[in-house]
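As a plain string of letters, each chain reads:
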Amino acid sequence: MNADETNMELKDAATKDAEPKGAADPAQVAVDADATEADVSEADLDQEEQEKQPMTGGGDPDQDAPSAEAAAEKNGPVKLKIPEEAEELKFTGLNKEELLRVAGTPGWVRTRWALLVVFWLGWVGMLVGAVLIILQAPRCRDLPATNWWNDGPLYEIGNIRAFTDARNLKGLEQKVASLSQLKVRGLVVGPIHVAPADDAMSLRFEEISPEVGTLEQFKGLVQAAHKKGISVVLDLTPNYQGSSGPWFSNISVTNVAERLKSALVFWMNEGVDGVQLLGVERVASVVPSLWSDIRAIVQNGTDERPNKRVLIGVTDRSSAEDVSALLSSTGVDLLISRVLRPGSTDATERAQSLQLLYLSHSQTKLAWSLGGRAEGHLASLVGPALVKLHQLLLLTLPGTPIINYGDEIGLMDEGTKFPRMLWDSDEELNGTLQEERAERLSCRDFFRGLSERRAKERSLLFGDFLPLSNSSSSLAYLRVWDQSERYVAAFNWAEEAAVLRLSDAALPRRAAVVLSTNSSALPADSSVDLTDLRLGPGQAALLSFPYSG
């Protein structure tokens, strides 16, 4: 059979296949199926080979790539096929249906509940542990209710003309920034009102004496002080320049106290933060109703000035029993007395007076002063060598320290109780003056360091007061507040060295030196043995140790 005949038979067969048939020969169907499967396999191989070829065609890479129409005409449409195996490679666990089947099995349910029980038991255990820690930990004490005058020392300027070169209230305003560096909390100014000596009829509470300034200058001082966080207390003692007593005579007390009431309203409206008065026991006993009115005007806040204002009383009493009684009967916020007056008592009596007042009254009502308008300056009372020691005493006792101007630099009276204040300058000084200036700066730095520490350490600010040791010439006490740093203040007034053997359940064996009046003998940050604490003549030290639980 030639080629033409063969082609004709193939065409006839194809025509017959296309025609409908009733029943096909099984053997023929099997043959046709095998042939078709072989054709499909061959076509798949051809397609895979085509897909392996570069899109730009085979052969010489320099030849131009065939056009899309030519490729389609030659190879047919190109189909991209993503093999199912790639999707299977992305899955690394059970599929969704398998997970659902497994999750419903009893074994998995038991496992899941077991994990949940373990999880919640862990959280409960952590919660119980936290509660036990809280219950076993020492409780923190609530902070006591204090007032602004309990937060730092008050700085008393009894004579404006002696305080600055300007000799008036404007000059005082210009020194507010310097006083702020000392961490003082308030200024006690004056008296500055018009009050001819022993002349009650000429008394004018609401008028400032022309020699110290004007009302506008006073307002400027108050504003400048408030900007620095310093309050201003005005001394309104009536007969401050006379010799017949602060309230003139007993006959004039009622009249003067009545006039003072209206003056208080005037000065409160001008922004003062409190009033200081001498001889409060006389007014409280002679005209108790008027004294109650005076207290109410000063101590009661208003809508315009809700912050409480302070009423400071001054007495010349030195007995702790008398001072305690006056605190109760007069109702003043602070009472300045002569309990700590140098030379009147020894260290043992001082310690007893301190303890009595501390146990009888809240320390927010206790005030401590050494010197003032009537007594003079600290350096003249105790001697220059003991100024730092008494600074340490004032600033570590429980209560409010009252500092006379110049006591921070060891200012001497030199024939007057109102000496001119000495300010640092850049002028060249000779050898003697340089030594004096260096001593003033050292004294001031010591005071400032103490004042700063008192302002930030709770044990010194309002901590408990625990006497540790005292003798006729030495004293030591502990200041403690809750879980804060603890402080020991130790003093030796004697002219010879002393050894203090401090022992108490609240004390460790050793403590660190914070400040010392003799940094050569007890340098800062050095460690000392409290059971064998050695202090030189006229030496004092402030020591600290941490809370240990």
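Residues numbered from 1 in each chain as written. Predicted model: local features only at pLDDT ≥ 70, side-chain atom pairs only at ≥ 80, totals over all residues. Heavy atoms only, no water.

Draft legend 1. Focus on the overall build of the protein. When helices and strands are tallied, the protein shows 19 helices and 18 strands. The contacts of the protein with a sequence gap of at least 6 include a subset with a gap of at least 24, amounting to 69%. Looking at the protein as shown, the accessible area adds up to about 30200 Å², and 53% of this sits on carbon and sulfur atoms. (Helix = DSSP H or I, 4+ residues; strand = E, 2+ residues; numbered from the N terminus. Contact = heavy atoms within 4.5 Å. Areas by Shrake-Rupley, 256 points an atom, 1.4 Å probe, with all protein chains shown as cover.)

Draft legend 2. How the structure looks around the sheet that holds strand β18 (residues 540-545). Reading across from one edge, β11-β12-β13-β18-β15-β16 is the order of the six strands in this open sheet, with antiparallel pairing throughout. Two strands bound the open sheet, and with one partner strand each, they are β11 (464-470) and β16 (527-529). The average angle at which neighbouring strand axes cross in this sheet is 30°, direction not considered. As defined by bridge partners, strand β15 (residues 510-516) adjoins β18 across four bridges and the pair is classed as antiparallel. (Pairing = 2+ DSSP bridges. Axes fitted to C-alpha atoms, helices over the stretch in contact; angles between N-to-C directions.)

Draft legend 3. Looking closely at the pattern of salt bridges. Counted according to the given criterion, the structure contains twelve salt bridges. In this structure, the salt-bridge partner of Glu 207 is Arg 204, at a minimum N-O distance of 2.7 Å. Glu 207 gets classed as partly exposed once you look at its relative accessible area, which sits at 35%. Here Lys 261 and Glu 258 are joined by a salt bridge, their closest N and O atoms 3.5 Å apart. Residue Lys 261 and its partner Glu 258 are both found in helix α11 (residues 253-269); the two are separated by three residues, about one turn of the helix. (Salt bridge = Lys/Arg side-chain N within 4 Å of Asp/Glu carboxyl O. Buried < 20%, exposed > 50% of the residue type's maximum accessible area, 1.4 Å probe, protein only.)

Draft legend 4. Representation of empty space enclosed by the protein in the model. Tallying each qualifying case throughout the model produces two cavities of 30 Å³ or more. Volume-wise, the largest cavity comes out at about 50 Å³. Together, Thr 146, Asn 150, Gln 363, Thr 364, Gly 399, Thr 400, Arg 454, Leu 461 and Phe 462 line the largest cavity. Classifying every residue of the lining of the largest cavity gives two nonpolar, six polar and one charged. Of the pockets and cavities examined, the second largest cavity occupies roughly 40 Å³. If you list the elements that add at least two residues to the lining of the second largest cavity, you get α14 (320-330) and β9 (367-369). (1 Å grid on protein atoms, 1.4 Å probe; cavity = no way out; pocket = protein on both sides within 12 Å on 5 of 7 lines; lining within 4 Å. Points joined across faces, edges and corners; volume = space filled by probe spheres on them. Nonpolar A, V, L, I, M, F, W, Y, C, P; charged D, E, K, R; others polar.)

Draft legend 5. Representation of the nonpolar core in the model. Membership of the largest hydrophobic core comes to 99 residues, with the highest contact counts inside it found for Tyr 155, Phe 218, Leu 277 and Phe 491. The element contributing the most residues to this core is α11, with eight residues. One finds Leu 502, Leu 530, Leu 535 and Phe 545 within the second-largest nonpolar core, a separate group that totals 19 residues. (Core = buried A, V, L, I, M, F, W, Y, C linked by side-chain atoms within 4.5 Å.)

Draft legend 6. Representation of the pairing of strand β1 (residues 154-157) in the model. Burial of the side chains of β1 extends over both faces: Leu 154 and Glu 156 are buried on one face and Tyr 155 and Ile 157 on the other. As paired elements, β1 and strand β2 (residues 186-189) share four bridges and run parallel to each other. Looking at the pairing, Glu 156 lines up with Val 188 of β2.

Draft legend 7. A look at α11. Its 17 residues place the ends of α11 24 Å apart at the C-alpha level, agreeing with the 24 Å of an ideal helix rising 1.5 Å per residue. Here α11 has its buried residues at Val 253, Val 256, Ala 257, Leu 260, Lys 261, Ala 263, Leu 264, Trp 267 and Met 268. (Expected span 1.5 Å × (residues − 1).)

Draft legend 8. Structural detail: the layout of surface pockets. Looking at the largest pocket, its volume works out to about 890 Å³. Ile 409, Leu 422, Glu 436, Arg 437 and Arg 440 are the residues nearest the centre of the largest pocket, which is lined by 35 residues in total. Elements with a minimum of two residues in the lining of the largest pocket: α8 (169-174), α17 (387-396) and α18 (431-456). In terms of residues, the lining of the largest pocket owes the most to one element, α18, which gives six residues. Classifying every residue of the lining of the largest pocket by side-chain character gives 17 nonpolar, seven polar and eleven charged.

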